[in-house]
Amino acid sequence: MTGASPQECEPVTTSGTIAVTNLHGQIDGLAVRLSRAGTGEGPAAPLAVAQGASLIDLLNLRGHILGRVADYERAAELAERLVHVAPEDGTALLARARTRATLHRFAEAVADLGAAGRSGADEAALDAERAVVLQALGCYADAMALIRKAAKRQSDFTTLGALAVLQAERGEVTEAEQLFGDARRHYRGTSPFPLAQLDFRRGVMWHREGDLDAARSCYEAARRRVPDYAPALGHLAEVELLRGDPPAAVALLRPLTRTSDDPEYASHLAAALHAGGRVHEAKQWRERAVAGYDDLVVRHPEAYADHAADFWLTVGADAGRGLELALQNLTFRQTARAHALFQRAVLAQDQVAEAAL
């Protein structure tokens, strides 16, 4: 492995399996308490707003950990209700900004952050969310300035981890690797989720660099920390397929298609099955992915146009549809990755045209 192993410094945390069970319980319990407090009509009490914001954050966390689009949508619905009954509450506006950013509705998220600031929301929390949005839009210098500002106040796991991920996205691998290690050493919590997310993002960095051994090691570390961590399992399956082991990829992906409603895992399963010679079964999963992406591109185009474009350029085998979605994605954000996806789509469409001629 090119970088240091995630096992170099192993903080003791709660079992990942127990943590996921607890997460379900927290969500169910908060939902019951919130329904009793009532946020449907009239001004919401501060306690109800705080509970609603906590539930929104937990739903977004579970959506990420288990790959559940339905959780993101439920969080977004709740955030809209919360702002409706508490339109000038900074906590409610900040919670809605997070849900909008999660679904890549960045302009609306920025508007919410501005309103939250005018309503007295914590400046450090606002800066952290602004940095997330700026990074997603490819405004790395501006995002860096905000994160470094936070680091001057307190250099902790959160700020070091955010810097590590940002440097990884900028391609500054050496510095990012150092920051990933520093962040890990600063972790003082007991939840396994932040460390699993850190290992996952470290794996993504090495995956993009083409170091499959390093990526695999990081994804495995995230999986050990949280066995049901869907993004880590999905990316680990990609690595296994690239390493020439379709059965291993299928074994990782099949459980995800039962617990996640994200079509990405159906798409990857189709690719793994096809690579293993199980063409008929692969076709069934491809069709399931088609239906899923077609639906999500209508409901959440900003968040899923790029994923859908990649699907059509690979498993979907429709370069024209891929080009259409890659262009749509480019209108949402002018990042290097969006431009690279568009160029891939143009090349694929040109190859189709040449083959036809």
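Calculation criteria
Position labels on residues start from 1 in each chain and follow its written sequence. Per-residue local features of the predicted model are confined to residues with pLDDT of at least 70, and side-chain atom pairs are confined, for both listing and counting, to 80 or more; whole-chain, interface and lining totals are unaffected and use all residues. Calculated side-chain values reflect all of the structure's heavy atoms, with hydrogen atoms and water omitted. The helix count covers DSSP runs of H or I at least four residues long, the strand count covers runs of E at least two residues long, and both are numbered beginning at the N terminus. The length a helix should cover is 1.5 Å for every residue beyond the first. Residue exposure (1.4 Å probe, protein chains only): buried if accessible area is under 20% of the type maximum, exposed if over 50%, otherwise partly exposed. In this description, the arc belongs to the directions extending from the helix axis to the C-beta atoms. Two residues form a contact once any of their heavy atoms are found within 4.5 Å. Throughout this description, the term nonpolar core refers to a set of buried Ala, Val, Leu, Ile, Met, Phe, Trp, Tyr and Cys residues connected via side-chain atoms within 4.5 Å. A cavity here means a set of points on a 1 Å grid, drawn over the protein atoms and nothing else, where a 1.4 Å probe fits but cannot get out; a pocket is an open set with protein on both sides within 12 Å along at least five of seven lines, and a residue lines either one if it has an atom within 4 Å of a point. Grid points are joined across faces, edges and corners, and a volume is the space filled by probe spheres set on the points. Residues are grouped as follows: nonpolar covers Ala, Val, Leu, Ile, Met, Phe, Trp, Tyr, Cys and Pro; charged covers Asp, Glu, Lys and Arg; every other residue, Gly included, is treated as polar.

**Q** How do you make sense of helix 17 (residues 319-332) when you look at a structure like this?
**A** Each turn of an α-helix holds 3.6 residues, which means side chains three or four residues apart point in the same direction. Given a rise of 1.5 Å per residue, 14 residues ought to cover 20 Å, and the 20 Å separating the end C-alpha atoms of helix 17 matches this to within 8%. Taken together, the buried positions of helix 17 are Ala319, Gly322, Leu325, Ala326, Asn329 and Leu330. The buried residues of helix 17 occupy an angular sector of 150 degrees when the element is viewed end-on, so they sit on one face. Where the residues of helix 17 are buried, they touch helix 15 (279-299), helix 16 (301-313) and helix 18 (336-356).

**Q** Hey, could you run me through the nonpolar core in this one?
**A** Burial of nonpolar side chains together is a common tendency in soluble globular proteins. By size, the foremost hydrophobic cluster in this structure holds 101 residues, and its most contacted members are Phe180 and Tyr229. Looking at this core, the element that brings in the most residues is helix 2 (residues 46-66), giving 9 residues. Contact partners of Phe180, with chain neighbours within four places excluded, come to Ala164, Val165, Ala168, Leu198, Arg201, Arg202 and Met205. Grouped together as the second largest cluster of nonpolar side chains are 7 residues, Val69, Ala76, Leu103 and Tyr304 included.

**Q** Where do I start with the layout of surface pockets in this structure?
**A** Over the atoms a probe the size of a water molecule is rolled, and this reveals where empty space is left. Taken as a whole, the second largest pocket holds about 180 Å³ of empty space. Around the second largest pocket sit Val20, His24, Leu66, Arg68, Arg223, Asp228, Leu233, Ala251, Leu252, Pro255, Leu256 and Thr259, which together line it. When residues of the lining of the second largest pocket are traced back to their parent elements, those giving at least two are helix 1 (16-37) and helix 13 (246-259). If you tally residues by element for the lining of the second largest pocket, the top one is helix 13, at 5 residues. Of the residues that constitute the lining of the second largest pocket, the class distribution is 7 nonpolar, 2 polar and 3 charged.

**Q** Help me understand the environment of Leu233, please; the structure alone is not making it clear to me.
**A** By the secondary structure assignment, Leu233 is in helix 12 (residues 230-242). Of the residues examined, Leu233 reaches a relative accessible area of 8% and is grouped as buried. Each residue touching Leu233, except ones within four places of it in the same chain, is listed here: Arg223, Pro227, Asp228, Leu252 and Leu256.

**Q** For this particular structure, what's the right way to read empty space enclosed by the protein?
**A** With the rule as written, the count across this model stands at 1 cavity of 30 Å³ or more. If you add up the space inside the largest cavity, you get close to 40 Å³. Together, Val165, Ala168, Glu169, Arg201, Val204, Met205 and Arg208 line the largest cavity. Only helix 8 (157-170) and helix 10 (193-209) provide two or more residues apiece to the lining of the largest cavity. No other element matches the 4 residues that helix 10 contributes to the lining of the largest cavity. Residues that form the lining of the largest cavity fall into these classes: 4 nonpolar, no polar and 3 charged.

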